[in-house]
Amino acid sequence: MKSDFFSYLDGFNLISILVPKRLDNDHKKFILVNESQTITLTILTKELIGQEVKYSCSINDNIYLNQNYMIFDEAKNQSFLRTGSIVRTELFDMMYDYDEDDLGITYTEISTTFKLWSPVAKEIELELIDLKGIKQFIDLKYQERGVWALTVFGNLDGYKYRYRVRVNETFNVTTDPYAIASDANGEYNFVVDTNKFYSFKNTKPEFSGRKVDAIIYEVSVRDYTISSTSKALNKGLYEGMHEDLANEGINHIKDLGITHVQLMPVYDFEGTDEVEKDLEYNWGYNPSQYNVPEGWYSKAPEDAYARINELRKLVDEYHGAGLRVNMDVVYNHVYDMGTFPFEKIVPGYFYRFDSKGIRTEVSGCGNDIASERPMMQRFILNSIKWWMNTYHIDGFRFDLMGLLDIETMNKVDALVKSIDPSAFVYGEGWIMANTLPDTKRSHMGNQQFMPYIAHFNDAFREQIKGGTFSSSLGFALGGKVSNADLFYLFTGSAVDQYRFFNPNQSINYIECHDNHTFYDRAKVLLKNPSEKEIKDYARLGLAFVILSQGVPFIHAGQEFLRSKNGVENSYKSPDSINQVDWTLREKHIDLVESVKDLINIRKDYKLFRLRQVTDIKQSIRIVEQSVQTTTVQFVLTGFNQTIKVFFKNSYIDELLPVGDHYQCIFDGKQRVSEKVNHYLVNTPGVYLFVKEA
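Keep in mind that what you see is a predicted model, and the values were worked out from it rather than measured.

Undergrad: Hey, could you run me through the overall build of the protein chain in this one?
TA: Looking only at helices and strands, the protein chain has 15 helices and 33 strands in total. Considering only C-alpha atoms, the protein chain reaches an extent of 100 × 60 × 45 Å along its principal axes. Across the protein chain, the 76 positively charged side chains and the 94 negatively charged ones have centroids separated by 3 Å.

This is the structure in structure tokens:
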């Protein structure tokens, strides 16, 4: 469709027209025309912008977003009226907020209904391919509140489908943003029968719902079993994650005492080839289909049901082993706006734009999701509901949560708890400037407005491990950290609101998939450290993570000195960098056993899992230390017990002043049971002593 100039619908009574200077004159006039209307536009303002003249015009009549309109000037030059910033107006949200839960497909053996939300589409066609490969195109009909719908009779189980959507002049092919099943590499979606999904055999493991009772273990499906050192038969796949292997996989996680396994992204993502699985590598923070499991981890990615049933079985097997499963989700950006369905069905709605109409990209990925818009918020909530109800997911870790809005995150948390009161939500609450007012951003600076959502504690990481982006040494690498900071970190970063409102909000960690592993960072920050030295420091760091108030978080393999060969950002590095080397487990089995013992001690003694700041203030104090030592001592009292905790970060001989009637329960390396009054130590680590009332 030929356009001599460009025009955009920016409001229900506002049209912006951009006319090349060669077509401009002092007597410009415009009329708006469709099949049943001819409307004379009123010019409000005129502005020269480069080689074009911008006219802002008002409309004094109703306009229908799903209808075609042309604009003509006084010389019969024409322009197709395109969708503009009208989609980001409050009136648009009020008129087209669709609150039903039936977008996508509704399948029965008799018929399937297809629904797509696009108030601005002019035409939508369903491309449907039957089991014999025969293709047909069928028009959807516009209904109300922006919804287009079509019911096709017959049993469509296993049929492929996608859409052709015309918003402006031309059709765009797109998959269904609400889809639940996909072929390999996301070319088409499938109609599927949920009655054919794998049947869960195990109930969810009991969990108190108190975040401080959780111990989170972050793992990538591929990394965990892809190495030649792994005994898994289904390497790098969903099925490999739950094979019954001695000292490996699910058994290793269970043996450690972990409560929650956090799966790195398992929704469908870009950056890999689901068929030729070894061509590319990616962590998975590239959303492609939010409600479809990733096919890279599936044995049969072209099959309509395989990836669905494989992931359901993975979760079921972990539940059977007493482990809950959290899911890493990325609702702050998509991989490619050009290919993702959002921009094809409602251009300009689902993403953020600045005051000049320029798309923002604070995420660093070319776009930022506008979580504050009603239909985007509802998309996120329905997606969370789908993963919980269909896959029995037990909690969610939000990537770049600070880019989302507080209202959405609080609604997510309320929804999660309404489905499973013992499930919980946490995320990266980094402070990231964006178009939302600061008071509406869900970053850790606003944690008081999100009291039930936890944040990754980067202050804990920087002070205990050391500088992620600097050369400063943290306490666990022998560095000097003030007693005040160590006290606040050990007490959940919540006393005096050091970082958080309560200890349940603090995810304590020193290693995750991002940045160097602890082992690799130690090699960067220390001068020619021996492996024993790194192990001693790693044991100290893990002890601080596990015993501090708040929520302990461990990266897969951290407990046996996982290395990525010094690669700091391995998001698309090959398997040789990202894979878990299982020979390290046997090599460092003493460190593995230390972690297991410390986790069991945390579980056995409630004083390490206090939930309220008032309880922490009453129960924990720091003992003033002499200037000759960097060892820090905490005394915990309550539940008819007194626990003395010594964190030592040097190799200097030191006699710990334990006191009378104490029993040593951890000697820096392992759980013990020894009655002592003083304790001579010369190795970094944690030393624990208990006295019963």
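Undergrad: What exactly am I supposed to notice about the sheet that holds strand 19 (residues 260-263) here?
TA: Adjacent strands of a sheet pair through backbone hydrogen bonds, lying either parallel or antiparallel. If you walk around this closed barrel you meet the 8 strands as 18-19-22-23-24-25-26-27, and the pairing is parallel. Averaged over all pairs of adjacent strands, the angle between strand axes in this sheet comes to 30°, irrespective of strand direction. Where strand 23 (residues 395-398) lies against strand 24 (residues 424-427), 4 bridges are found, and the strand directions are parallel. Looking across to strand 24, one finds that Arg397 is bridged to Tyr426. Strands in contact with helix 11 (residues 531-547) are strand 26 (506-508) and strand 27 (551-555); relative to strand 27, the strand with the most contacts, it is inclined by about 145°.

Undergrad: Would you mind showing me how to read helix 9 (residues 483-490) here?
TA: Residues that lie three or four places apart on an α-helix share one face, since the helix turns once every 3.6 residues. With 6 of 8 residues buried, helix 9 lies mostly within the body of the structure. Of the residues making up helix 9, those classed as buried are Asp485, Leu486, Phe487, Tyr488, Leu489 and Phe490. In this fold, the buried residues of helix 9 make contact with helix 8 (458-464), helix 11, strand 28 (620-623), strand 29 (632-638) and strand 30 (641-648). At the exit of helix 9 stands Gly492, carrying a positive phi of roughly 85°.

Undergrad: Can you walk me through the nonpolar core in this structure?
TA: Taken as a class, soluble globular proteins show a tendency for nonpolar side chains to be buried jointly. Core analysis: the biggest nonpolar cluster contains 189 residues, and Trp117, Phe398 and Phe647 have the highest contact counts within it. Core analysis: the second largest hydrophobic core is formed by 18 residues, Ala214, Leu400, Phe500 and Ile507 among them.

Undergrad: Looking at this structure, I do not really get the sheet that holds strand 1 (residues 6-11). What am I missing?
TA: Sheet architecture is open: 8 strands sit in the order 4-3-7-8-1-2-6-5, paired in mixed fashion. On the outer flanks of this sheet lie strand 4 (38-40) and strand 5 (42-49), each paired with one strand and no other. Looking at each pair of strands side by side, their axes are set apart by 25° on average, direction ignored. Sheet topology note: the strand 7 (residues 70-73)/strand 8 (residues 78-83) ladder contains 3 bridges and is antiparallel. Among the inter-strand pairings, Phe72 is bridged to a residue of strand 8, identified as Gln78.

Conventions adopted
- Residues numbered from 1 in each chain as written.
- Predicted model: local features only at pLDDT ≥ 70, side-chain atom pairs only at ≥ 80, totals over all residues.
- Heavy atoms only, no water.
- Helix = DSSP H or I, 4+ residues; strand = E, 2+ residues; numbered from the N terminus.
- Lys, Arg positive; Asp, Glu negative; His and termini not counted.
- Charge placed at Lys NZ, Arg CZ, Asp CG, Glu CD.
- Pairing = 2+ DSSP bridges.
- Axes fitted to C-alpha atoms, helices over the stretch in contact; angles between N-to-C directions.
- Contact = heavy atoms within 4.5 Å.
- Buried < 20%, exposed > 50% of the residue type's maximum accessible area, 1.4 Å probe, protein only.
- Core = buried A, V, L, I, M, F, W, Y, C linked by side-chain atoms within 4.5 Å.

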